[in-house]
Amino acid sequence: MLPPNKLPNPSNNEETDLCSCLENEPINIAKLGLLPGVGQESLVIPYAQKTGLQKKEGRGHDRSTFLKRGLALSSSVVLGTPEDAKHSAECTVTDMSEIVPPEVRPKPAVPAKPTGISSVHGSQGSGVGGQGAGGGSSLLGYIGIDTIIEQMRKKTMKTGFDFNIMVVGTSGLGKSTLVNTLFKSQVSRRSTGWSRDEKIPRTVEIKAVSHVIEEGGVKMKLTVIDTPGFGDQINNENCWDPISKYINEQYEKFLKEEVNIARKKRIPDTRVHCCLYFISPTGHSLRQLDTEFMKNLSRMVNIIPVIAKSDTLTVEEKIEFKQRVRKELEISGIEFYPQKEFDEDMEDKSDNDKIREAMPFAVVGSDKEYQVNGKRVLGRKTPWGVVEVENPIHCEFAQLRDFLIRSHLQDLKEVTHNIHYETYRAKRLNDNGGLHPISTAPSGDTQESNL
Amino acid sequence: MDAIMLQEKLVERLLSPKVRTTRLKDKQYVGFATLPNQVHRKSVKKGFDFTLMVAGESGLGKSTLVNSLFLTDLYKDRKLLNAEERISQTVEIIKHTVDIEEKGVKLKLTIVDTPGFGDAVNNNECWKPITDYIDQQFEQYFRDESGLNRKNILDNRVHCCLYFIAPFGHGLRPVDVEFMKALHEKVNVVPLIAKADCLTPNEIKKLKDRIREEIDKFGIKVYQFPDCDSDEDDEFKQQDKELKESTPFAVIGSNTVVEARGQRVRGRLYPWGIVEVENQSHCDFVKLRNMLIRTHMHDLKDVTCDVHYENYRAQCIQQMTSKLAQDNRMDSPIPILPLPTPDVETEKLIKMKDEELKRMQEMIQKMQQQMHEQDQ
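Nothing here was measured: the structure is a model prediction, and the numbers come from that model. (Residues numbered from 1 in each chain as written. Chains lettered and ligands numbered in written order. Predicted model: local features only at pLDDT ≥ 70, side-chain atom pairs only at ≥ 80, totals over all residues. Heavy atoms only, no water.)

**A short note on the overall build of chain B**
Scanning chain B for helices and strands turns up 12 helices and nine strands. Buried residues in chain B amount to 40% of all 376 residues. The long-range fraction of contacts in chain B, counting pairs at least 24 apart against all pairs at least 6 apart in sequence, stands at 67%. Surface exposure of chain B reaches about 22800 Å², of which carbon and sulfur atoms provide 52%. (Helix = DSSP H or I, 4+ residues; strand = E, 2+ residues; numbered from the N terminus. Buried < 20%, exposed > 50% of the residue type's maximum accessible area, 1.4 Å probe, protein only. Contact = heavy atoms within 4.5 Å. Areas by Shrake-Rupley, 256 points an atom, 1.4 Å probe, with all protein chains shown as cover.)

Below is the structure:
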């Protein structure tokens, strides 16, 4: 039995190295499955390889070698050096049952924030001393349930995943530029700069552009759905109708696929996971069009309001404007993402509260680089200075990006699937008196009618 | 009178020839070159008035700009409405009047504000209250001019309308185009690009070019600077040319004073720098102020009186006479313009004028017929 304070040191090094690794990486899609979820207090990240452990039985194998191997493999993935792996493996010959915590909380493969790792260390110590905070049934030995995270990660890396983001706002608010800046590539249709022949369309159009971007071995099929013409006419009544129609169409498509008898292995997901709504930085308050749109759509899709072109507001104006906007959203009963009602536990609530306090994020987008203090930064050059996009003092772009991509990407998809889509599905099924949904578009699918 | 003339002749003879020639010249000097000074003195005593209208969506910095232009605090305790309160708001017209004095010259400045313009979801005809207001002022002046007591006419006609274009778009939006088209024949429209500190110099240039193109395309007649005479010096011509090429002006306003380069200037403080309102390389505020106040204020008033008001008046009279011709009766001498308190005397006057107009109209018709016959 190993007393808590004598935990192998190289493991500690492993943890800090993980932290530092995270800070240096631009987009952490790759690290999705690597980090233990905060609930998962296992120090060991067993790497279930086909050649390795799965052939052996869950309980019969030698625990020490398993541990050695697990550590070795995990550390080699993180640090990439075989020497470290050997070193760490040698020091951790210990009884597995003492180290593995009793309960592993099921959590989606969301990358934990770096601070989570230090808490792992702390709780690890308590886990060893006695029963951990998890409670529940205590395991008599190590089964390997926690390897599921690793398996999920592997699968995800192979299949890749898709993410659909919609941008809504009046023309000229920098929507396309912001999306390009967020994903650091020319993914938006206006990536070549606006041409003089572009006219404001008479009705709101929906234009979806897909790109596959890859990072760290993870492929993401990113679809950006643009809505030119929104709010640009003189009479903008119900200009959000084409948008809500589009969103419902995507739900309908998914529903049809779901109720098929012969279902596809992986249903292509074209549902809108996130809608970035651009607020014009007037400095006064929300416009009537903004509240109308958000009221109508916040129950259908995750809306994230952002303040566009925020380099037109000074620091005081920004704070005042944000406060006013938040108050108005509250008064109108608009629940933007992250919605309060979907917070699962105290931890979620406190994290999301912090984010909700800081929303709507005041952002500036740019795809041009300038030299500032010897560094090349993305920014906008004006006669009175350079606005740096990734500088947290200048604007909140970095916060938005971290929130959207590094911490809540998977959650956005989940809320869309579990809540918004389910609402739509329930409504559809109810409307048809409990029968299977009759497709609105004429389809020659005789299979559906047999349900 | 003879005695004086005799005296003068004596003096002439006594003085030397040189002096005599100068005296001759003095005699040829009439002295009406002092007229401008006299006008100046009278005007200064009387004071000037100027009515400026500001229009544009809310949140574009109109009030701030007006405060910056005239260095006053016209909008001190303004309560901003939130979105709920604004749902039922229609476009209002609010007038603020302030008397400013500088170096002995008094200016009665009236600012006409148009809150609520372009803020609703459905902005159909949101410019109607504004055009109605302008027409009302013309009507009022027309009536006063035709009245008896013309000494103290109050001139409330709008001399200039500053229209604020949002910098967030890619040029003119449909509501901008419609507004300017509805107003360009009633008032001098000066388009401005508001909140220009969110644009880089490149973007400003592109936007200005685009707006100028669209103004030409849609046939909007914005206020044109008068061409300077050919005998002005080159520097003035150069300035004038620059002024014309930098329309529409990209402006920034500020209510706060910040410390920049050791001086206290009006500006906006950002984490990445300080924008100075009166710095020519930062924005066109100085050009606008010079144009509006220092060089073209009087021209704006003249154009309003000579062009827009005359257009209105001609239209009005035409309507009146066409209606009279239709009716073709004498028992409705009262004009179409309903007077608030019809005087017996004024009615008689108007009746006389009507008859005169009728006669003129008939004459014109006769002449036209004659010409027509001649042609054939």
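**Overview of the interface of chain A and chain B**
By a widespread convention, an interface's size corresponds to the accessible area lost as its parts come together. With 47 residues of chain A at the interface, the matching set in chain B holds 47 residues. Around 4300 Å² of area is buried between chain A and chain B when both sides are counted, 55% of it from carbon and sulfur atoms. Here chain A is connected to chain B by three salt bridges. A salt bridge links A:Glu317 to B:Arg268; the shortest N-O distance between them is 2.7 Å. Breaking the side of chain A that touches chain B down by element, the ones donating at least two residues are helix H9 (288-297), helix H10 (315-331), strand E8 (375-382) and strand E9 (385-388) of chain A. The greatest single-element share of the side of chain A that touches chain B, amounting to five residues, is contributed by H10(A). Looking at the side of chain A that touches chain B residue by residue, the classes come out as 15 nonpolar, 18 polar and 14 charged. (Buried area = accessible area lost by both parts, 1.4 Å probe. Salt bridge = Lys/Arg side-chain N within 4 Å of Asp/Glu carboxyl O. Nonpolar A, V, L, I, M, F, W, Y, C, P; charged D, E, K, R; others polar.)

**As for a positive patch on the surface**
On the surface, A:Lys154, A:Lys155, A:Lys158 and A:Lys265 cluster together into a patch of positive charge. Here A:Lys265 is to be found in the loop between helix H8 (241-259) and strand E4 (274-279). (Patch = residues over 30% accessible without salt bridge, like charges linked within 9 Å, V, L, I, M, F, W, Y side chains within 5 Å. Lys, Arg positive; Asp, Glu negative; His and termini not counted. Charge placed at Lys NZ, Arg CZ, Asp CG, Glu CD.)

**Focus on the packing of helix H6 (residues 128-146) of chain B against helix H11 (residues 297-327) of chain B**
Residue and element names in this part refer to chain B. Between H6 and H11, whose axes approach to 10 Å, the crossing angle comes to 80°. Taken as axis vectors, H6 and H11 run roughly perpendicular relative to one another. Residues Asp135, Phe138, Glu139, Tyr141, Phe142 and Glu145 of H6 form the contact with H11, whose participating residues are Thr304, His308, Tyr309, Tyr312, Arg313, Cys316 and Ile317. In terms of residue class, the contact of H6 with H11 is built from seven nonpolar, two polar and four charged. (Axes fitted to C-alpha atoms, helices over the stretch in contact; angles between N-to-C directions. Parallel < 35°, antiparallel > 145°, perpendicular 65-115°, else oblique.)

**Focus: empty space enclosed by the protein**
It is a probe the size of a water molecule, rolled over the atoms, that shows where empty space is left. Overall, the coordinates contain nine cavities of 30 Å³ or more when judged by the stated rule. As a volume, the largest cavity reaches approximately 120 Å³. Along the walls of the largest cavity sit A:Thr170, A:Ser171, A:Leu173, A:Ser280, A:Thr282, A:Arg287, B:Glu57, B:Leu60, B:Ala166, B:Phe168, B:Gly169 and B:Arg173, which together make up its complete lining. (1 Å grid on protein atoms, 1.4 Å probe; cavity = no way out; pocket = protein on both sides within 12 Å on 5 of 7 lines; lining within 4 Å. Points joined across faces, edges and corners; volume = space filled by probe spheres on them.)

**Some thoughts on the packing of H6(B) against helix H7 (residues 174-183) of chain B**
All names here are of chain B. Packing of H6 against H7 leaves a shortest axis separation of 10 Å and a crossing angle of 15°. Considered as vectors, H6 and H7 are oriented roughly parallel to each other. You can see that H6 and H7 cross each other, and the crossing is right-handed. Along the contact surface, H6 presents Ile130, Thr131 and Ile134, while H7 presents Phe179, Ala182 and Leu183. Residues of the contact of H6 with H7, tallied by class, amount to five nonpolar, one polar and no charged. (Left-handed = near helix turned anticlockwise from the far one by under 90°.)

**Thoughts on the environment of B:Tyr141**
Residues and elements named next belong to chain B. With respect to the helices, strands and loops of the structure, Tyr141 is situated in helix H6. In this structure Tyr141 comes out as buried when scored by relative accessible area, which is 15%. Here the alpha-carbon distance between Tyr141 and Asp155, two residues 14 residues apart in the chain, equals 6.7 Å. When residues no more than four places from it in sequence are discounted, the contact partners of Tyr141 are Ile153, Leu154, Asp155, Arg157 and Tyr309.

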